[in-house]
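Single-letter residue listing:
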Amino acid sequence: MANGARKPYYARNLWSGVLFGLGLVAFFDEAVFHQLLNWHHFYDKSTTRMGLVSDGFFHAFSWFATIGGLFMYADLRRRQALWKTRWLGGVLLGMGFFQLYDGTVQHKLLQLHQIRYNVNILPYDLVWNITAILMFIAGSVILFKTRRQAGTGGVTNPLSNE
Amino acid sequence: MGAVFLSNGRHRRWPFYRSVLWGIGTSFAILSVAGPLAERAHVDFTAHMLGHLFLGMLAPLLMALAAPMTLLLRTLPVKNARRLTKLLRSKPVRVLSNPITATILNIGGLWLLYATDLYMLMHHSLILHVFIHIHVFLAGYLFTISILYIDPTPHRHSYLYRGIVLVTAVAGHGILSKYIYANPPAGIAADQAQAGGKLMYYGGDMIDAVIIFLLCLHWYQAARPRKNAAQVTWQNR
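Thresholds, definitions, all that
Residues numbered from 1 in each chain as written. Chains lettered and ligands numbered in written order. Predicted model: local features only at pLDDT ≥ 70, side-chain atom pairs only at ≥ 80, totals over all residues. Helix = DSSP H or I, 4+ residues; strand = E, 2+ residues; numbered from the N terminus. Buried ≥ 20, exposed ≤ 12 C-beta atoms within 10 Å, placed from the backbone. Contact = placed C-beta atoms within 7 Å. Nonpolar A, V, L, I, M, F, W, Y, C, P; charged D, E, K, R; others polar. Axes fitted to C-alpha atoms, helices over the stretch in contact; angles between N-to-C directions. Left-handed = near helix turned anticlockwise from the far one by under 90°. Parallel < 35°, antiparallel > 145°, perpendicular 65-115°, else oblique. UniProt positions renumbered as here; feature names shortened; annotations may be inferred. pLDDT = per-residue confidence, 0-100. Core = buried A, V, L, I, M, F, W, Y, C linked by C-beta atoms within 7 Å.

**Details of the overall build of chain A**
Along chain A, the regular secondary structure elements total 5 helices and 0 strands. Scanning chain A from its N terminus toward the C terminus, one meets helices and strands in the order α-α-α-α-α. Counting over 162 residues, chain A shows a buried share of 38%. Contacts in chain A between residues far apart in sequence, at least 24 positions, make up 89% of those at least 6 positions apart.

In structure tokens:
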């Protein structure tokens with residue numbers, strides 16, 4: 001049954017994971033780097049206008065994504081269509097994507113704020129972005145694997161005779 | 001409250017929790033315009049911001065959850081209730097209750113207030129002061145009911161549409177908070193603007209999280225799988 005219900009919700013498993021992963025890493029960023037460690041600044045004088053807008057939209061979207069992603073997870077569960085491995089792949093992909101975007105575009109390109117102040121920033125940037133890439137790769141591997149398991153690439157062709 | 005007693009005589013009992021929500025909601029609204037918090041708001045920007053969070057976000061949300069229109073419709077005589085329903089269905093209400101219009105009135109109004117000299121002018125004119133506070137409350141209420149359908153809503157929009165508008169509104173609110181942090185409104189000291197901006201940012205996030213949660217919950221309830229319906233829909237796609 002669980003396998004049978006999976007296929008129609010193949011994409012939703014991925015999206016639920018991606019949304020939740022995105023929200024999770026943004027929440028982690030806020031809680032740990034802004035509040036607990038006080039490394040990140042709420043506002044940095046070098047912040048560009050675009051940086052402010054980009055940060056605002058990403059923050060709002062991740063707030064929505066965390067909650068929405070979890071409701072999608074609950075929806076998949078009650079439909080017995082939850083595919084945990086694929087969902088986890090989505091989470092890693094979402095986390096990796098957001099952290100990479102934050103570490104490259106927002107921190108560097110738009111100068112939103114730096115990871116930490118009054119230190120040599122290079123090792124911090126490297127650890128930050130390499131972790132992001134590793135999560136992104138791990139997520140992709142899981143997604144490709146589950147895709148192969150699903151057989152037809154996941155998309156059911158309504159015109160096929162299968 | 002009078003309406004609750006009146007209509008309880010004729011209908012199923014009005015849920016007690018809705019009366020409580022209404023009571024707490026109106027208390028927050030009154031607290032922000034009268035009393036010690038409102039007094040402090042004249043000299044302390046953080047107190048002003050707390051008052052605005054209450055008046056423009058928390059009170060509207062609690063009051064919307066109390067479903068006042070439902071209560072009004074079942075309390076009014078049928079003839080008047082029909083007139084009210086007709087008004088709710090009218091074109092101007094449709095335009096006004098569109099989430100995008102509500103967002104522009106709500107967030108756009110805030111940008112006007114804090115990013116121009118309006119904030120300073122407000123403290124010199126009583127009429128402007130009263131008008132702005134009424135606007136903040138009404139726009140906040142309109143925005144809340146344009147996103148969350150608690151009361152009968154004739155002009156409805158999809159969850160996706162409301163979700164996208166909500167994210168945009170939350171972003172607009174967050175960006176304005178940081179803008180205030182960096183560019184204090186005329187007459188506000190930098191440290192006050194920073195504290196106020198942070199309060200607006202995190203306080204707004206808390207209340208927005210409740211709105212997001214309720215919107216998702218409504219979707220979750222509406223998307224409940226019905227027997228076989230899911231498979232039928234799937235096969236017909």
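Okay, back to it.
**Details of the overall build of chain B**
Helices and strands together make up the secondary structure of chain B, namely 13 helices and 0 strands. Secondary structure of chain B in N-to-C order comes out as α-α-α-α-α-α-α-α-α-α-α-α-α. Each principal axis of the C-alpha atoms in chain B carries an extent, and together these give about 60 × 50 × 30 Å. Counting across all 237 residues of chain B, residues that qualify as buried make up 34%. Considering only contacts within chain B whose residues lie at least 6 apart along the sequence, 74% involve residues at least 24 apart.

**Points about unusual backbone geometry**
Residues apart from glycine generally show negative phi values, whereas peptide bonds are mostly found in trans. Positive phi, close to 55°, is recorded for Gln80 of chain A, a residue that is not glycine. Considering the arrangement of structural elements, one finds Gln80 of chain A in the loop between helix H3 (49-78) and helix H4 (84-109). Unusually for a residue other than glycine, Ala67 of chain B sits at a positive phi of about 55°. As for its placement among the helices and strands, Ala67 of chain B is situated in the loop between helix H4 (45-65) and helix H5 (68-75).

**Considerations on the interface of chain A and chain B**
When the parts come together, some accessible area is lost, and that loss is often what is quoted as the size of the interface. Contacts between the two partners involve 20 residues from chain A and, on the opposite side, 25 residues from chain B. Considering only residue class, the side of chain A that touches chain B consists of 14 nonpolar, 3 polar and 3 charged.

**So, the environment of Phe64 of chain A**
Along the chain, Phe64 of chain A falls in helix H3. C-alpha separation for the pair Phe64 of chain A and Arg12 of chain A, spaced 52 residues apart in sequence, amounts to 16 Å. What Phe64 of chain A contacts, discounting residues up to four positions off in sequence, is Gly163, Leu166, Val167 and Ile212 of chain B.

**A closer look at the packing of helix H8 (residues 99-115) of chain B against helix H10 (residues 126-147) of chain B**
For any two helices packed against each other, one specifies the inter-axial angle together with the distance between the axes. Residue and element names in this part refer to chain B. The geometry of H8 relative to H10 is characterised by a closest axis approach of 8 Å and an angle of 150° between their N-to-C directions. Remark: the crossing between H8 and H10 carries left-handed chirality. In this structure, H8 contributes Pro99, Ala102, Thr103, Leu105, Asn106, Gly109 and Leu113 to the contact, and H10 contributes Ile132, His135, Ala139, Gly140, Leu142, Phe143, Ser146 and Ile147. In terms of residue class, the contact of H8 with H10 is built from 9 nonpolar, 6 polar and no charged.

**So, the packing of H3 of chain A against helix H11 (residues 159-182) of chain B**
Interaxial distance between H3 of chain A and H11 of chain B falls to 8 Å at its minimum, and their mutual angle equals 135°. Comparing their axes, H11 of chain B and H3 of chain A come out oblique. Crossing of H3 of chain A over H11 of chain B shows right-handed handedness. Residues Leu52, Val53, Gly56, Phe57, His59, Ala60, Phe61, Trp63 and Phe64 of chain A of H3 of chain A pack against Gly163, Leu166, Val167, Val170, Ala171, Gly174, Ile175, Lys178 and Tyr179 of chain B of H11 of chain B.

**Observations regarding the UniProt feature "transmembrane region" (unreviewed entry) in chain A**
Residue and element names in this part refer to chain A. Following the UniProt record, one finds the feature "transmembrane region" (unreviewed entry) at residues 14-36, 56-73, 85-101 and 121-144. The span residues 14-36 is 100% helix and 0% strand, and its two end C-alpha atoms sit 31 Å from each other. For residues 121-144, helix accounts for 100% and strand for 0%, while the C-alpha atoms at its two ends are 35 Å apart.

**A word on the environment of Phe137 of chain B**
All names here are of chain B. Turning to its location among the elements, Phe137 is positioned in helix H10. With 10 residues separating them in the primary sequence, Phe137 and Ile127 have C-alpha atoms 16 Å apart. The residues contacting Phe137, other than those within four sequence positions of it, are Ala29, Leu55, Gly56, Ala59 and Pro60.

**Looking at the confidence of the model for chain B**
Residue and element names in this part refer to chain B. On average, residues of chain B score 89 in pLDDT, and 92% of them reach the 70 mark or higher. Ranking the helices and strands of chain B by mean pLDDT puts H4 first, with 95, and helix H13 (residues 229-236) last, with 51. For this predicted complex, the interface score ipTM comes out at 0.81, alongside a pTM of 0.84.

**Topic: the nonpolar core**
Phe64 of chain A together with Leu58, Ala59, Leu62 and Leu166 of chain B are the most contacted members of the largest nonpolar core, which has 83 residues in total. Ranked by residue count, the leading element in this core is H4 of chain B, at 15 residues. Not counting the four nearest positions on each side in its chain, Leu166 of chain B is found in contact with Phe64 of chain A together with Ile147, Ile211, Ile212 and Leu215 of chain B.

**Quick look at the confidence of the model for chain A**
For chain A, per-residue confidence averages 81 on the pLDDT scale, and residues scoring 70 or more make up 88% of the total. Here helix H1 (residues 2-6) of chain A stands out as the least confident element of chain A, with mean pLDDT 56; H3 of chain A is the most confident, with 90.

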